[in-house]
Amino acid sequence: MTAQPMVKAEGVHKSYGAAHILRGIDLEVAPREVFCLVGPSGSGKSTFLRCINHLERINAGRLSVDGRLVGYKQKGDKLYELKDSEVAAQRRDIGMVFQRFNLFPHMTAVENVMEAPVMVKGESKSVARERAVKLLDRVGLGDKGANYPTQLSGGQQQRVAIARALAMEPKLMLFDEPTSALDPELVGDVLDVMRDLAESGMTMIVVTHEMGFAREVGDNLVFMDGGVVVESGHPREVLGNPQHERTKAFLSKVL
Ligand SMILES: Nc1ncnc2c1ncn2[C@@H]1O[C@H](COP(=O)(O)OP(=O)(O)O)[C@@H](O)[C@H]1O
Ligand SMILES: [Mg+2]
């Protein structure tokens, strides 16, 4: 028997008003897997991540994280919407890193990383601080804890954002184009942190245009276009030998 998937999507649909964005997404992400999601702008990648993280409600299909339906519970063959507090509890287990780092500007790096465990989990400040210091060290910023976001480069801010997400001890990390807003020379440090995290066994879904990273670190790659999965497989296979015209056309632009 294979392990229960960390993420399982079955026929997931999402519309915004009349705009049908996700048109039946089926995929599975295994525990400890690095799952890369690529596709043209507007194909629904961010929308899908937002559905996994309960920031959006799906319109049809089933979506579960670690064996639990996202946003719903099932009794018999009926689905019931979870209460806001239950949704918040589910979301706590999922870390998300965006293109824009969204650090709190009035807090130092350490304070940014401490914030959620203290405010959301009610952790003591001393425990949260100790973990924050360790996490900043882990992302290569052991000497920057007292810096405010404006005193950090974009790449350093993004690494603080990763440490901040890890502070909640998530079982799943979602990355939405985490290096797209960075100057090229700062991308490598962020990818190194992500590679490290992958090696530590974190389950990760990574939306990225960094095909080198996908090839080296990814276990699986899905090419999405127009709200559907066009093709998927091992990154080296999909990138090296794409089967569909749409995949070929996309890769010819980004590779
Ligand atoms: N909150 C929203 N309301 C209406 N349309 C949206 C919203 N969010 C995204 N969309 C639309 O959904 C489509 C997919 O967007 P998105 O998931 O951001 O794609 P990607 O991340 O692949 O670039 C786009 O056409 C976008 O304009
Ligand atoms: Mg996006």
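This text follows the structure it describes.
Everything in this summary refers to the structure shown in the same document.

Cut-off values and rules
Residues numbered from 1 in each chain as written. Chains lettered and ligands numbered in written order. Predicted model: local features only at pLDDT ≥ 70, side-chain atom pairs only at ≥ 80, totals over all residues. Heavy atoms only, no water. Phe/Tyr/Trp six-rings, centres within 6.5 Å; stacked < 30°, edge-to-face > 60°. Helix = DSSP H or I, 4+ residues; strand = E, 2+ residues; numbered from the N terminus. Buried < 20%, exposed > 50% of the residue type's maximum accessible area, 1.4 Å probe, protein only. Lys NZ or Arg CZ within 6 Å of the ring centre and 35° of its normal. Pairing = 2+ DSSP bridges. Near = heavy atom within 4 Å. Polar contact = N/O pair within 3.5 Å; in protein donor to acceptor, adjacent residues only side chain to side chain. Nonpolar A, V, L, I, M, F, W, Y, C, P; charged D, E, K, R; others polar. Salt bridge = Lys/Arg side-chain N within 4 Å of Asp/Glu carboxyl O.

1. As for the packing of aromatic side chains
Here comes step 1: In total, this model carries 1 aromatic pair according to the counting rule given.
Here comes step 2: The interplanar angle of 35° and the centroid separation of 5.3 Å between the aromatic rings of Phe 223 and Phe 250 together place this pair among those described as tilted. Of this pair, Phe 223 sits in strand β11 (residues 220–225) while Phe 250 sits in helix α9 (residues 245–254), and the two are 27 residues apart along the sequence. Of the two residues, Phe 223 and Phe 250, both sit in the buried class.
Here comes step 3: If you follow Lys 75 out to its NZ or CZ, it ends over the ring of Tyr 80, 5.6 Å from the centre.
Here comes step 4: The cationic tip of Arg 164 hangs over the ring face of Phe 104; the distance from NZ or CZ to the ring centre is 5.9 Å.

2. Looking at the pairing of strand β6 (residues 72–75)
Here comes step 1: Of the strand pairs in this sheet, β6 and strand β7 (residues 78–81) are connected by 4 bridges, and their pairing is antiparallel. Bridged to Gln 74 within β7 is Leu 79.
Here comes step 2: In sequence, β6 turns back onto β7 through a hairpin of 2 residues, with Gly 76 there showing a positive phi of about 65°.

3. Overview of the site of ligand 1
Here comes step 1: Inspection of the region around ligand 1 gives Tyr 16, Ile 21, Pro 40, Ser 41, Gly 42, Ser 43, Gly 44, Lys 45, Ser 46 and Thr 47 as its neighbouring residues.
Here comes step 2: In the model, an oxygen atom of ligand 1 is placed 2.7 Å from a nitrogen or oxygen of the Gly 42 main chain.
Here comes step 3: At 2.8 Å, a side-chain N or O of Ser 46 approaches an oxygen atom of ligand 1.
Here comes step 4: The element contributing the most residues to the shell around ligand 1 is helix α1 (residues 45–52), with 3 residues.
Here comes step 5: Taken together, the residues that form the shell around ligand 1 break down as 3 nonpolar, 6 polar and 1 charged.

4. Remarks on the pattern of salt bridges
Here comes step 1: In total, this model carries 15 salt bridges according to the counting rule given.
Here comes step 2: Its salt-bridge partner being Arg 195, residue Asp 192 comes within 2.9 Å of it at the nearest N-O pair. Pair noted here: Asp 192 and Arg 195 are both in helix α6 (residues 184–199), with a separation of 3 residues, about one helical turn.
Here comes step 3: Judged by relative accessible area, which is 42%, Asp 192 ranks as partly exposed.
Here comes step 4: Residues Glu 216 and Arg 195 are paired through a salt bridge, measuring 3.2 Å at the closest nitrogen-oxygen approach. Residue Glu 216 is located in helix α7 (residues 211–217), and its partner Arg 195 is located in helix α6; the two are separated by 21 residues in the primary sequence.
Here comes step 5: Since its relative accessible area comes to 58%, Glu 216 is described here as exposed.
Here comes step 6: One continuous salt-bridge network, built from bridges that share partners, spans Lys 14, Arg 50 and Glu 56.

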